[in-house]
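Spelled out from the first residue to the last, the chains are:
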Amino acid sequence: MPVQFLGIYREKRFSPGAHAAGDAEILELTQAAIERAGYQTTLIAPERLPTMPPSAPVVFSMCQSLEALAVLQAWEQQGVLVLNTPAAVHACYRLALVTALSQTTLPFPRSAIIPLNKTGPTAVLCPGLPESTAGWWVKRGDVHAMQSDDVLFVRHAIDLPAQLARLRQRGISHAVVQEHIAGQEWKFYAVRGHGVLHAFAPHDVHCPPIDDARLNTLARQASEGLGLDIYGGDCLLTSDGTLYLIDINDWPSFRGCRPVAATHIAQHILTQAQHRGLL
């Protein structure tokens, strides 16, 4: 029987440390769920992609490198269904994400994109940020955090240039400086058409529950704007009741809900493949 589904692991550099096992587990659980539905599935490392022709009509992928995404984009043009789409994964790169979310009506922290080949006073470097704030988050501007100093909190404006210089010295071309918003942090995992599958407060397990309807609406609006099918994110609930979106990730590890999440992910992949007439 020919392989009908091809799954692709995330690159090791994008799954640092303890994340590697969780990323692999959710992909393998998704494979198992698809196989229980009666379909032949195989998993490969993303490093194999450049030398491969399309080998299955449906691909479910966690890879994030530009090299792998270029291959998958070419496969899409040949009729392969790829989830998440390469365009959606591109949209989650930090600069693209901040640009896109800043142009929507979604509650999102004020942010400035800083080219790191420039130096100057904070007011010049960060013109889009308020003069008085509770602090800033300095984030590498390409991909999501891969080591501890990729995202740093800065209390005082005078310290911003030093943190920007740290990223510049590492060869990172852009940074995002984002205002700090005080509130209860929530993480969530979701699948398009299935809603938010799991949400938790990572720093306060005893806090009051979040409004599921509001969280589902926020997650759905963000995923539709970015084109994501399998995703997660971070949000903040402030004391005045505002729910801010602060980050979105393409296909996270679904920590705390992997078996259930894999079932929903597999169902979504199968449904999309059937709608495309690929099964």
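Just so it is clear, the structure is predicted and the values come from calculations on it, not from any experiment.

On to the packing of helix α1 (residues 19–36) against helix α8 (residues 258–275), then. Between α1 and α8, whose axes approach to 8 Å, the crossing angle comes to 55 degrees. It follows from the interaxial angle that α1 and α8 lie oblique. In the crossing of α1 with α8, the sense of the turn from one axis to the other is right-handed. Touching G22, E25, I26, L29, T30, A33, I34 and R36 of α1 are R258, P259, A261, A262, T263, I265, A266, I269 and L270, all from α8. Grouping the constituent residues of the contact of α1 with α8 by class yields eleven nonpolar, three polar and three charged.

This part covers the packing of aromatic side chains. Applying the stated criterion across every chain yields a total of five aromatic pairs. Their ring planes at 40 degrees and their centres at 6.1 Å tell us that Y189 and F200 sit as a pair that is tilted. One end of the pair, Y189, is in strand β9 (residues 184–191); the other, F200, is in strand β10 (residues 195–200), and eleven residues separate them in sequence. The exposure class assigned to F200 is buried, which follows from its relative accessible area of 16%. Members of the aromatic cluster, each reached through a chain of ring pairs, are Y189, F200 and F254.

Once that is clear, we can look at the sheet that holds strand β8 (residues 174–179). In space, the four strands of this open sheet follow the order β5-β8-β6-β7, with antiparallel pairing throughout. Sheet topology places β5 (111–115) and β7 (151–154) at the edges, where each strand pairs with a single neighbour. Adjacent strand axes in the sheet meet at a mean angle of 25 degrees when their direction is disregarded. Strand direction decides the pairing type here: strand β6 (residues 136–140) and β8, joined by five bridges, are antiparallel. Paired with K139 across the two strands is V176, which belongs to β8. Across the sheet, helix α4 (residues 94–102) is in contact with β5, β6, β7 and β8; its angle to β8 comes to roughly 40 degrees. The strands that helix α6 (residues 160–169) touches are β5, β6, β7 and β8; relative to β6, the one it contacts most, it runs at about 10 degrees.

Another aspect to go through is helix α2 (residues 66–77). Look at α2: 17 Å from first C-alpha to last across twelve residues, which is about the 16 Å you get at 1.5 Å a residue. What α2 keeps buried is the set A68, L69, V71, L72 and W75. On an axial view of α2, the arc spanned by its buried residues comes to 160 degrees, and they lie on one face. Along α2, exposed side chains directed more than 90 degrees from the buried face belong to E67 and Q77. Buried residues along α2 sit against β1 (5–8), β3 (58–61), β4 (81–83) and α3 (86–91). Positioned one or two residues after α2, G79 has a phi angle of 100 degrees, which is positive.

Here is what the cut-offs are and how they apply
Residues numbered from 1 in each chain as written. Predicted model: local features only at pLDDT ≥ 70, side-chain atom pairs only at ≥ 80, totals over all residues. Heavy atoms only, no water. Axes fitted to C-alpha atoms, helices over the stretch in contact; angles between N-to-C directions. Helix = DSSP H or I, 4+ residues; strand = E, 2+ residues; numbered from the N terminus. Parallel < 35°, antiparallel > 145°, perpendicular 65-115°, else oblique. Left-handed = near helix turned anticlockwise from the far one by under 90°. Contact = heavy atoms within 4.5 Å. Nonpolar A, V, L, I, M, F, W, Y, C, P; charged D, E, K, R; others polar. Phe/Tyr/Trp six-rings, centres within 6.5 Å; stacked < 30°, edge-to-face > 60°. Buried < 20%, exposed > 50% of the residue type's maximum accessible area, 1.4 Å probe, protein only. Pairing = 2+ DSSP bridges. Expected span 1.5 Å × (residues − 1). Arc of directions from axis to C-beta.

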